[in-house]
Amino acid sequence: MKAVALGAPGGLDHLKLMDLPDPGTPGPGEIRVRVHASSLNYHDYLVAQRTDPRYLGRILMADGAGVVEAVGPEVTEFSTGDHVVSTFFPHWLDGEAQVGDFSTVPGDGVDGYAREVVIRPAHWFTHAPKNLDHAEAATLTTAGLTAWRALVGDGRLKAGDTVLALGTGGVSIFALQFAKAMGARVIITSSSDEKLARARSLGADHTINYKADPQWGETVRRITGGGVDHVIEVGGPGTLAESIKAVRIAGHISLIGVLTGGSGEVPTAALMAKQARLQGLIVGNRRQQQDMVRAIETIGLRPVVDRRFALEQLADAFRHEAGQTHFGKLCLEF
Ligand SMILES: NC(=O)c1ccc[n+]([C@@H]2O[C@H](COP(=O)([O-])OP(=O)(O)OC[C@H]3O[C@@H](n4cnc5c(N)ncnc54)[C@H](OP(=O)(O)O)[C@@H]3O)[C@@H](O)[C@H]2O)c1
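What counts and what doesn't
- Residues numbered from 1 in each chain as written.
- Predicted model: local features only at pLDDT ≥ 70, side-chain atom pairs only at ≥ 80, totals over all residues.
- Heavy atoms only, no water.
- Core = buried A, V, L, I, M, F, W, Y, C linked by side-chain atoms within 4.5 Å.
- Buried < 20%, exposed > 50% of the residue type's maximum accessible area, 1.4 Å probe, protein only.
- Domains from an automatic or database assignment.
- Contact = heavy atoms within 4.5 Å.
- Helix = DSSP H or I, 4+ residues; strand = E, 2+ residues; numbered from the N terminus.
- Polar contact = N/O pair within 3.5 Å; in protein donor to acceptor, adjacent residues only side chain to side chain.
- Buried area = accessible area lost by both parts, 1.4 Å probe.
- Salt bridge = Lys/Arg side-chain N within 4 Å of Asp/Glu carboxyl O.
- Nonpolar A, V, L, I, M, F, W, Y, C, P; charged D, E, K, R; others polar.
- Pairing = 2+ DSSP bridges.
- Axes fitted to C-alpha atoms, helices over the stretch in contact; angles between N-to-C directions.

(A) Structural context of the nonpolar core. Residues L151, V163, L164, F178, I188 and I232 are the most contacted members of the largest nonpolar core, which totals 64 residues. Each of domain 1 (2-142 + 284-333) and domain 2 (155-280) gives at least three residues to this core. Among all residues touching I232, those that are not within four sequence positions of it are A150, L151, V163, L164, A165, L166, V171, S172, A175, S254 and I256. By size, the runner-up hydrophobic cluster in this structure holds 24 residues, among which are A3, M18, A315 and L332.

(B) Region of interest: the side chain of D154. Here D154 lies in the loop between α3 (140-153) and β8 (162-165). For D154, a relative accessible area of 15% puts it in the buried group. Reaching out from D154, the side chain makes a polar contact with the side chain of Q279 at a distance of 2.7 Å. Residues contacting D154, with those up to four places away along its chain left out, are R149, H252, R277, Q279, L281 and Q288.

(C) Geometry of the domain arrangement of the protein. The assigned domain composition of the protein is domain 1 (2-142 + 284-333) and domain 2 (155-280). Measuring from the centre of the C-alpha atoms in domain 1 to the corresponding centre in domain 2 gives 27 Å. Residue-level contacts link 17 residues of domain 1 with 14 residues of domain 2. Considering only the side of domain 1, the residues that lose the most area to domain 2 are Y42, L301 and F327, jointly responsible for 42% of the buried surface there. There are 1 salt bridge connecting domain 1 and domain 2. Two residues, D306 and R198, come together in a salt bridge whose shortest N-O distance is 3.1 Å. By residue number, the principal contributor to the side of domain 1 that touches domain 2 is helix α9 (residues 286-299), which donates 3 residues. Grouping the amino acids of the side of domain 1 that touches domain 2 by side-chain chemistry returns 9 nonpolar, 5 polar and 3 charged.

(D) Region of the structure containing the sheet that holds strand β12 (residues 247-255). Read from one edge of the open sheet, 6 strands run β10-β9-β8-β11-β12-β13, paired in parallel fashion. Each having just a single partner strand, β10 (206-209) and β13 (277-280) make up the two edges of the open sheet. Sheet twist, expressed as the average angle between the axes of neighbouring strands with direction ignored, equals 15°. Bridge count for strand β11 (residues 228-233) against β12 is 5 bridges, and the pairing is parallel. Among the inter-strand pairings, I232 is bridged to a residue of β12, identified as S254.

Printed below as a string of structure tokens:
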């Protein structure tokens, strides 16, 4: 069984392709999954950069999708042959957030899905949407569920709302797709006019090049006559001030990303004056993933997979991700 783990002393040049023993048969409450795909997230890229000895040998990747090969005693939710997708927080099944770190997250605190076969408790997976291939399904664990929770689970998006998504990476393109499918208006930004054209072909109503228009928050406020209902904030300190300008009074900013860093100044008075809700969030729970899977099947949504790589090409795939030329998701398929 092939797997890719972080090798000493860490970093992309030291990812190790390993041949591990077959994990055998599932015990009570467990399933054996033949993993066929994973998808790349910025978070996985950060883990792959680590040099902390505690992470050496860690099998990478939070997202995994594949086929159930065997079920252990007492498993009633899955059968052999079912297509499944992994969950980001295996122990957070429902309700409000219960976790504030990555100690239980596959590919970070515990081994992940850059591997061909895995045995895990059944509740570490949900069914995958029937309309998706494995690579498409793998994009749901992290990027898909983050956008879903920000807009639907916590944002309570409704038809007629306006959504602002920053950039054209995995989370933001999911936000565009969910928002359009649910009858919202979408404004999306990018550093690339070509990517903005692709976003318009997916239904974006307004597009802004954030390099050409660094005051994009003011532009959004003007276009909308007062601001948007929801902001998908993936930038962090370098974009939050503009996002605060862009949100409407009493709107909702989902603080999701760290693309411009992990800390910085926040214009607190401007945020207070907007009376907006600024909510930090990390992905979501298993129940929300099941709701999202049902919605994706019903509306026929197909995640945007820009490019697929082989398991052995993981380091190259991360380098490609770092180049930020992709639109939507990058996947591993094996
Ligand atoms: N909290 C959570 O639960 C959660 C979950 C998933 C991801 N995240 C975080 O969210 C962020 C995005 O994740 P992702 O997987 O979507 O990443 P990704 O696919 O790698 O997105 C990269 C894209 O972000 C855009 N971008 C970069 N800098 C930007 C800036 N200053 N302003 C606006 N857009 C910018 C670029 O779009 P253009 O090329 O179009 O300019 C770039 O191509 C990351 O920080 C990630 O760690 C958090």
